[in-house]
Each structure stands twice: as structure tokens, then as C-alpha cells.
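Secondary and tertiary structure notes
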Amino acid sequence: MTRSYAVIGAGPSGLAVMRALQKAGIEATGFEASHDVGGLWDITNPRSTMYASAHLISSRTTTEFAEFPMDSDVDYPGHRVLKRYFDDYADAFGLRDRFRFDTRVDRLERDGEGWILRATARDAEGVETAVQERYDGVVLANGTLAEPNVPAFAGAFSGELMHTSAYKDPSPLTGRRVLIIGAGNSGCDIAVDAVHHAASVEMSVRRGYYFVPRYLFGRPSDTLNQGRPLPARLKQAVDSRVLRAFTGDPVRFGFPKPDYRIYESHPIVNTLVLNHLGQGDLRIRADVECFDGSTVRFRDGTSGDYDLVLLATGYTLDYPFVDREHLNWTGASPRLFLNVFPPSFNGLFVCGMIEASGIGWQGRYEQAELIAAYLAAVEQDPARAARFRARVGARAWPDLTGGYRYLGLARMSYYVNKDAYRNAVRREKAELAAPVREAS
Ligand SMILES: Cc1cc2nc3c(=O)[nH]c(=O)nc-3n(C[C@H](O)[C@H](O)[C@H](O)COP(=O)(O)OP(=O)(O)OC[C@H]3O[C@@H](n4cnc5c(N)ncnc54)[C@H](O)[C@@H]3O)c2cc1C
């Protein structure tokens, strides 16, 4: 009997899943809440957290799908080029027809060994129709960077408070006194936008950061030292020396000294902020103590007045359509084998719940291949699938840190080292493919 599968999301991960299933000869129905493929790279997707000036942060060749090189010679293409890339990818492999667009999954409920999927489909006139279908397995590829993380602050701010998820272009910044809270990759991109439009720009930071230039020795920095990764401690020592030589010490510009080593948190691939700090276009402030009308008070006893506070405070994982117990939520994230399989093997699979420096879409595709290999085993040789499940249950899960001691922050709870992770996925795929020997 052929089983039925659903895939939620037509972003890079959902497309990767559909492609890997297609290659394995497994049919699936895709559900996408937005009108097209591309996920957050489609700035017209209502859930997209993209903004007009956004470009790739990892370089093209480390990010693209290996079997589908990008039709561009630019190292860090902008989001419009990337949306086109996903259009081309979907068209090249006939993936679009496998998705139902404008169809949002609202709920997954356990039904015996399978899942009842409830969704809402919207037609061109905006008329909504309820959908209810049963699937043997469901792959969740609904993204990780859509649900804003909004910390609670003491006091109230009388100006405009906005999360970066709502930031699309610099128009709300024009002529205003802007405070950006947080200096992650989006916060730094937006700070660079802001210096050209705002009356003044300041950034409040809680901790120090490592700033990696986009280019080192004339090449995209993430293309160096590929293939044969150095041991963690050695790479940290070498790269922090290289960074000191190229970008200097960010403490000079007002950042706190990081209380952790490089790569123990996601590095910031942006040195334009440092240029703007050097030019006096931007100023670093301490962590926020409280809001008081239009005044923000900082923990170092200083304060400032602002018209707009932009929260660059990141995102939280969210799988709102399925009860947390089914994904084995533990703290800030689901605890899944290789960030993919709930240990109960309940027919749910997650693709894209992964954060790593340089994992790219190919890393997500490799997750998709592992899911496809498992489902192919379930269909064709249940003994191989059973052996995989037994192995997962019987032994300690592989160490995915690559020897780095990641900060104990919510956003780092599903962070992996790309080399350790890809090696582990490769090993499991090989194990899944190996024939089961009959006991003699
Ligand atoms: C500014 C910015 C720069 C980035 N730069 C890089 C980079 O350089 N390199 C890199 O590797 N990554 C980068 N990322 C990370 C980015 O998340 C990934 O590149 C990629 O988009 C992840 O793909 P995804 O398919 O997992 O998620 P998404 O792209 O978020 O796609 C998820 C899809 O699921 C759909 N969906 C959600 N909920 C439902 C539902 N209930 N029902 C149906 N459909 C649903 C959404 O509409 C969306 O289309 C960047 C992110 C941002 C915001």
C-alpha cells in the first residue's frame, strides 16, 4: 500500500524536501500559506522577514543547492535574485505542481499511525475553504525566522516600537532618532540602512560580537578553509588572529569585549557597521535598563531620547499547528535526532530547523535526502527503517557541536557545526541504505 505524505512550506527547505522525495520516487502534497515558492526570500510573502537591502550573508557557492548552481556570478546576491533562483529551481524540477498555494496549515492531529491535517485554502477572491486530509507522514518546513522574539522591557516607550520582522525599507527611519536593540546580522544590515536616512542611529548591545568581513584575501570569507576543517580550538585561534588583523578590535568602536570565543555564537558578517562607527554615523550604547516615555535608560547609567526603537532581537521557533509533545519540545526548541526526527518516530519530520555558520541550502537539502532515504526504507524495506529507529533509540546521539561550546541561549539551542552535522547526516544516510543482513 502506498503511503501519503504532506510537506508544509515551499521555502528553500520545503522545496528541498519535495525534490528529494521526487528523486526517491515518493509522492507528496505540499501546502504553502503564501502565493508562491521561495519562503522568506519572496518579499511579497506576508510571512517574509526580508527587507529591501537584504543580500545573502553566506556566499553564493556555499549556499546554493549543489545540483542547481545559481545563474549569477555575484558572490552575495540580493533577495530578488534569490527569489528568481527558487522560481527556477521549482520550474526546473516541476515542483510547483506539487504544492497547493494560498493554503495555510492550521492543525495537525494524531490519527492512529498517521496525521489529520487541517488547513484553510483561500481562492483569488479571498473566499476561504476548510481542508481536512489524512497523511501517513508530514514534513514540517515552515521556517524558523518568522515569529518575532520580543523581550519584555521595564517601563513604556512613547515613540514607535517596531520589530525587524516588520522592517521592509528605510522609510520609517527617515529623519528620526533611531535606537536599534541587538546587533545580529539583520540589526547590523538595518543600522547600515539607517545611517543614510535617520537623523541619528544608535545600537544597544548586551554582549560583544565577532565581525567577519565578507571578503578575506580577496575571496568570500566562508569559502576559505573548506573541505578540511581545522579542529575547533585551532580554528578559533587562527581566525581570531586573522580578524584582529583585518577588522581590528570592535571594542575600539564601543562594543563590549565578547565573553566567549569566536564561533561560540553566530558571527556577524558585516564590517560596514564598523566603518560607520569609525565615521561617527553610528554609536554603540549599553544594554537597556528601561523605557521612560521617549527616553531609554541604559544599564551603564546613561540615557538617550528616540523616536523609533527597532527590536533586532531575533526570532523564536514556532510550530503552532502541532502540540509540543509531538515534537519533543525541550526548553527553547524541539529535541530531535539530527534536528529532524522526533525520537518517537511518530510520522513527523522537520526540515530547516537548523542554524549553523555556512550550512546553506545544500545542508537543508541533505536533511531532506535523509528524510527521503528513511521514507524510502519504510516503503521498500521496512527492516532497514526499523534498524534505523532502533539505532536512534539505543545509543547516544552524535555530537553536532564540532567541539565548539555554544552559548546557552535560546537561539543557540538548535545550532550545529556544519561539518559535524553534515558528516553525521551522511553517516546515517549510508547506514539507512545498507542492506539488512539475515541472522544465520
Ligand atoms: C535577512 C536574512 C538573510 C539571510 N541570509 C541567509 C544566508 O545568507 N544563508 C542562509 O543559509 N540562510 C540565510 N537566511 C536564513 C533563511 O531562513 C534561509 O535561507 C531559508 O530561507 C530557510 O528556508 P525555510 O524553507 O526553512 O524557511 P522559510 O524561507 O521561512 O520558508 C518557510 C515557508 O513556510 C511557509 N509556511 C509557514 N507556516 C505555514 C503554514 N502554517 N502553512 C503553510 N505554509 C506555511 C511560509 O509561508 C514560507 O513560505 C537569512 C534570513 C534572513 C531573514
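Residues numbered from 1 in each chain as written. Predicted model: local features only at pLDDT ≥ 70, side-chain atom pairs only at ≥ 80, totals over all residues.

**Describing the overall build of the chain**
- Per the secondary structure count, the chain includes 9 helices and 23 strands.
- Scaling as 2.2 N^0.38, a compact globule of 440 residues should have a C-alpha radius of gyration of about 22 Å, and the chain matches this with 23 Å.
- The C-alpha extent of the chain, read off along each of the three principal axes, is 75 × 55 × 40 Å.
- When the 440 residues of the chain are sorted by exposure, 41% land in the buried category.
- Nonlocal contacts in the chain, meaning residues at least 24 apart in sequence, comprise 65% of its contacts between residues at least 6 apart. (Helix = DSSP H or I, 4+ residues; strand = E, 2+ residues; numbered from the N terminus. Rg over C-alpha atoms; globule rule 2.2 N^0.38 Å. Buried ≥ 20, exposed ≤ 12 C-beta atoms within 10 Å, placed from the backbone. Contact = placed C-beta atoms within 7 Å.)

**Some thoughts on the packing of helix α1 (residues 12-23) against helix α7 (residues 360-380)**
- Interaxial distance between α1 and α7 falls to 8 Å at its minimum, and their mutual angle equals 40°. Judged by the inter-axis angle, α1 sits oblique to α7. When you trace α1 past α7, the crossing you get is right-handed. Across the interface between the two elements, Pro-12, Ser-13, Ala-16, Val-17, Ala-20, Leu-21 and Lys-23 of α1 pack against Trp-361, Arg-364, Tyr-365, Ala-368, Glu-369, Ile-371 and Ala-372 of α7. (Axes fitted to C-alpha atoms, helices over the stretch in contact; angles between N-to-C directions. Parallel < 35°, antiparallel > 145°, perpendicular 65-115°, else oblique. Left-handed = near helix turned anticlockwise from the far one by under 90°.)

**Focus: the domain arrangement of the chain**
- When its domains are assigned, the chain resolves into domain 1 (5-146 + 316-433) and domain 2 (155-225 + 232-311).
- Centre-to-centre separation of domain 1 and domain 2, based on C-alpha positions: 30 Å.
- Across the boundary between the two partners, domain 1 contributes 22 residues, which contact 20 residues of domain 2.
- A per-class count over the side of domain 1 that touches domain 2 returns 9 nonpolar, 10 polar and 3 charged. (Domains from an automatic or database assignment. Nonpolar A, V, L, I, M, F, W, Y, C, P; charged D, E, K, R; others polar.)

**A look at the sheet that holds strand β15 (residues 283-285)**
- Strand order in the open sheet formed by 5 strands is β10-β19-β11-β12-β15, and the pairing between neighbours is parallel. The open sheet terminates on both sides in strands that have one partner only, identified here as β10 (160-163) and β15. Strand-to-strand twist in this sheet, taken as the mean axis angle between neighbours without regard to direction, amounts to 25°.
- Here 4 bridges tie strand β11 (residues 177-181) to strand β19 (residues 308-311), and the two strands are oriented parallel to one another. (Pairing = 2+ DSSP bridges.)

**Concerning α7**
- An ideal rise of 1.5 Å per residue puts 30 Å on 21 residues; α7 measures up with 30 Å between its terminal C-alpha atoms.
- For α7, a buried count of 19 out of 21 residues is recorded, marking the element as mostly surrounded by other parts of the structure. (Expected span 1.5 Å × (residues − 1).)

**Topic: the environment of Phe-255**
- Within the fold, Phe-255 resides in the loop between α5 (232-247) and α6 (272-279).
- Separated by 50 residues in the primary sequence, Phe-255 and Val-205 place their C-alpha atoms 7.5 Å from one another.
- Excluding its chain neighbours within four sequence positions, the residues that come into contact with Phe-255 are Val-205, Gly-208, Tyr-209, Pro-250 and Ile-284.

**Some thoughts on unusual backbone geometry**
- Residue Tyr-263 is not a glycine yet carries a positive backbone phi of 75°.
- Within the secondary structure, Tyr-263 is located in the loop between α5 and α6.
- At Leu-338, a position not held by glycine, the phi torsion is positive, near 50°.
- Note that Leu-338 resides in the loop between β22 (333-334) and β23 (348-350).
- Residue Leu-338 is classed as buried on the basis of its C-beta count, with 21 C-beta atoms lying within 10 Å.

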